[in-house]
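Here is what each chain is made of, one letter per residue.
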Amino acid sequence: MKLAIIILAAGLGTRMKSSLPKVLHKIYDKPIIQYVIEALMRLSPEKSIVVVGSEGEIIINFLKSYPVSFAMQKQQKGTADALKYGIAKIEGFEGVILVVNGDTPLIDSAVLQKFIDLHISNSEDISILSFIAKGSHSYGRIIRAGDNVIKIIEDRDADESQKKINEVNSGIYAFKPHILKLLDDIKINEKKGEYYLTDIVDLAVVKKYKVCAHNIASEDQLAGINTREDLCNAFNYLKLRVINKWLDKGVTLLDKNTTFIHPDVQIGTDTIIYPNVHLEGKTVIGSNCIIYPNSRIVDTIIADNVTIKDSSVIELSEIMEDATIGPFAHIRPQSIIGPSSKIGNFVEIKKSVLGKGVKASHLSYLGDSEIGSNVNIGAGTITCNYDGKLKHKTIIEDDVFIGSDTQLVAPIKVGKGSYVGAGSTITKEVPPSSLAISRSPQKNLKKLISIRLSKKRADGDKI
Ligand code: UD1
Ligand code: CA
């Protein structure tokens, strides 16, 4: 049977206390509405309508790559009113009309398919996807007489005994098209000043139409986002789902609560991840890696047997096998760290390619550089890559030893097998197999010191 979907997303979302439309608030890096649309698209609907409000331009703009049409509800007069705008766009449609609140991001397409199948096989006029809510909440309660659904009562209209009912409305419904003419009979709810879609149940039951509620999924999957707390809870649910997946696939995670793994991240087996590690974007981590606490790794490829020591930040880069990074290292975008290289504390690397077995163990800045294999970068080495206008390249060939506290003024090249003496400022190319020293020679002025000492003695100073 053909399927049309209508997503209600025109609400003001006032409980979010935000200038951004509610459905554009994000879980990870994806807005709520995108989760909903992606789940619904898997059902291959014939028609898809998103009902947006007066501030809907931004939502329309965001969703322009999806095969959906839009309906505009100019004034937010409630969910029944919103649905009227939606069905106006699919006039004459024959099949199942699935209506979904735009603020339920955790829905699963398999659950939705099962729900639609029940709606069709039982030939129901109205089907409601319900769930059992735990704790305090503000969902509409499903009122039954025996097994039969007779009404949905909103939280603010429920009396004390109705509030105790824990089967609630998820805001997901399947309708036969003919039943939606009842939308015109819904009266305004005086308390809220809105037309409630949930009131259609009462009207349909009175007219002896078949109304059923199916409790076939958990609160975790059907939770609606109304407040920042709901958003935080949804994020935590998804976060835990991702973490459990990696535990199941053979990754050791020391702390479920403080580890953050983006759903697109890949991790190899026997990798160990310490608390407070953030793996973001499309990061790929190999097998047998260890990532110590407080590191943030974004859109980076890390090969097998890599160790990332504490508090390192790595962005849009590649770290090859057996390398060690950190503690306190910053690997900035477009860097490649070669196999078995060691990047130590307070080393910043930007847009640089390092070969095999490079050691930059302490306090250095390597930017716009190309560094060969087996190069030793002494503590405090700086590539002076910026002349105030342009960035210039530093090339260091294989087997070079750069002494501590060296400045390499780019553009510059240090040839294969050369040495640069500590404390040098290198401004000219160093040919292969040479020693470059640019510091002024040391003078030990013994005479001067003995004159000073005898003067102090004469003044009676203690030495
Ligand atoms: C609604 C249901 C409630 C259910 C809960 C599930 C009603 C009256 N109540 O309550 O029974 O338990 O969802 O999460 O339907 N919207 C519009 N136009 C409007 C008002 C709302 O498009 O004028 C959209 C919103 O953007 C939202 C959806 O409809 O995506 C639901 O509205 P919301 O205000 O969040 O309803 P709830 O109070 O959560
Ligand atoms: Ca809601």
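Residues numbered from 1 in each chain as written. Chains lettered and ligands numbered in written order. Predicted model: local features only at pLDDT ≥ 70, side-chain atom pairs only at ≥ 80, totals over all residues. Heavy atoms only, no water.

Engineer: Looking at this structure, how should I read the overall build of the protein?
Structural biologist: For the protein, the count of helices and strands is nine helices and 43 strands. Its C-alpha radius of gyration of 33 Å places the protein more than 25% over the 23 Å reference for a compact globule of 463 residues. The C-alpha extent of the protein, read off along each of the three principal axes, is 115 × 55 × 45 Å. Burial analysis of the protein (463 residues in total) assigns 48% to the buried set. In the protein, of all internal contacts separated by at least 6 residues, the share reaching a separation of at least 24 is 40%. (Helix = DSSP H or I, 4+ residues; strand = E, 2+ residues; numbered from the N terminus. Rg over C-alpha atoms; globule rule 2.2 N^0.38 Å. Buried < 20%, exposed > 50% of the residue type's maximum accessible area, 1.4 Å probe, protein only. Contact = heavy atoms within 4.5 Å.)

Engineer: Help me understand the layout of surface pockets in this model?
Structural biologist: A water-sized probe rolled over the atoms picks out the places where empty space is left. Quantified by volume, the largest pocket comes out at close to 960 Å³. Lining the largest pocket are 41 residues, with Arg15, Lys22, Thr79, Asp103 and Asn226 sitting closest to its centre. When contributions to the lining of the largest pocket are tallied by element, the ones reaching two or more residues are β1 (3-9), α3 (79-88) and β10 (167-175). Counting residues per element, the lining of the largest pocket draws most heavily on β10, at four residues. Residues that form the lining of the largest pocket fall into these classes: 14 nonpolar, 18 polar and nine charged. (1 Å grid on protein atoms, 1.4 Å probe; cavity = no way out; pocket = protein on both sides within 12 Å on 5 of 7 lines; lining within 4 Å. Points joined across faces, edges and corners; volume = space filled by probe spheres on them. Nonpolar A, V, L, I, M, F, W, Y, C, P; charged D, E, K, R; others polar.)

Engineer: How do you make sense of the coordination of the calcium ion (ligand 2) when you look at a structure like this?
Structural biologist: Taken together, the protein donors to the calcium ion (ligand 2) comprise Asp103 (OD) and Asn226 (OD1), at separations of 2.2 to 2.4 Å. Placement of Asp103 in the loop between β6 (96-101) and α4 (109-121) and of Asn226 in the loop between α7 (219-222) and α8 (228-248) is noted, with a sequence separation of 123 residues between them. Residue Asp103 is classed as buried on the basis of its relative accessible area, which comes to 10%. Asn226 sits in the buried class, given a relative accessible area of 15%. (Donors = N, O, S within 2.8 Å, 3.2 Å for Na, K, Ca; no water.)

Engineer: Where do I start with the domain arrangement of the protein in this structure?
Structural biologist: The extent of an interface is frequently quoted as the accessible surface area lost upon association of the parts. Considered domain by domain, the protein is made up of domain 1 (3-222) and domain 2 (245-436). Distance between the C-alpha centres of domain 1 and domain 2: 50 Å. (Domains from an automatic or database assignment.)

Engineer: Before we go on, may I ask you to explain the packing of aromatic side chains in this structure?
Structural biologist: The description of two aromatic rings rests on the distance between their centres and on the angle between their planes. Tallying each qualifying case throughout the model produces eight aromatic pairs. On the basis of an interplanar angle of 85° and a centroid distance of 5.0 Å, the ring pair of Phe131 and Tyr139 is categorised as edge-to-face. For the pair Phe131 and Tyr139, a shared accessibility class is recorded, and that class is buried. By the ring-pair criterion, three or more aromatic residues cluster together here, those being Tyr28, Phe235 and Phe260. (Phe/Tyr/Trp six-rings, centres within 6.5 Å; stacked < 30°, edge-to-face > 60°.)

Engineer: Is there a simple way to explain the site of ligand 1 in this structure?
Structural biologist: Around ligand 1 there are 24 residues in total, and Leu8, Ala10, Gln73, Glu154 and Asn169 lie nearest to it. Residue Lys22 places a side-chain N or O atom 3.2 Å away from an oxygen atom belonging to ligand 1. Glu154 places a side-chain nitrogen or oxygen 2.6 Å from an oxygen atom of ligand 1. Applying the majority rule of atoms within 2 Å of the grid points places ligand 1 in the largest pocket. Those elements that place two or more of their residues in the shell around ligand 1 are β1, α3 and β10. When residues in the shell around ligand 1 are grouped by element, the largest group, three residues, is from β10. (Near = heavy atom within 4 Å. Polar contact = N/O pair within 3.5 Å; in protein donor to acceptor, adjacent residues only side chain to side chain. Sits in = over half its atoms within 2 Å of the grid points.)

Engineer: What is the right way to read the nonpolar core from this model?
Structural biologist: Within soluble globular proteins, side chains that are nonpolar generally end up buried alongside one another. Of all hydrophobic cores here, the largest spans 56 residues; its most connected members are Leu279 and Ile343. When contributions to this core are tallied by element, the ones reaching two or more residues are α1 (32-41), α8, β15 (260-261) and β40 (412-414). In terms of residue count, α8 provides more of this core than any other element does, six residues in total. A domain split of this core shows at least three residues from each of domain 1 (3-222) and domain 2 (245-436). Core analysis: the next-biggest nonpolar cluster, separate from the first, contains 37 residues, Val23, Val52, Val111 and Phe131 among them. (Core = buried A, V, L, I, M, F, W, Y, C linked by side-chain atoms within 4.5 Å.)

Engineer: Sorry if this is basic, but what is going on with the side chain of Gln34 here?
Structural biologist: Position of Gln34 relative to the elements: it lies in helix α1. Excluding anything up to four places from it in sequence, Gln34 contacts Phe62 and Tyr66.

Engineer: Is there a simple way to explain the sheet that holds strand β20 (residues 290-291) in this structure?
Structural biologist: Strands belonging to one sheet form pairs held by backbone hydrogen bonds; the direction of such a pair is parallel or antiparallel. The strand order across the open sheet built from 11 strands is β14-β17-β20-β23-β26-β29-β32-β35-β38-β41-β43, with neighbouring strands paired in parallel fashion. Strands at the two margins of the open sheet, each flanked by one partner only, are β14 (252-253) and β43 (435-436). Relative to β43, strand β41 (residues 419-420) is paired through two bridges, and the arrangement is parallel. Counterpart to Tyr419 in the pairing with β43 is Leu435. (Pairing = 2+ DSSP bridges.)

Engineer: Would you mind showing me how to read the pairing of strand β5 (residues 69-72) here?
Structural biologist: Every other side chain in a regular strand lies on the same face of the sheet, so the side chains alternate between the two faces. Sheet topology places strand β4 (residues 47-52) next to β5; four bridges connect them, and they run parallel. Paired with Val50 across the strands is Phe70, a residue of β5. Since β4 and β5 lie parallel, the crossover through helix α2 (residues 57-62) that links them has a hand, and here it is right-handed. (Right-handed = clockwise from strand over helix to strand, strands pointing away.)

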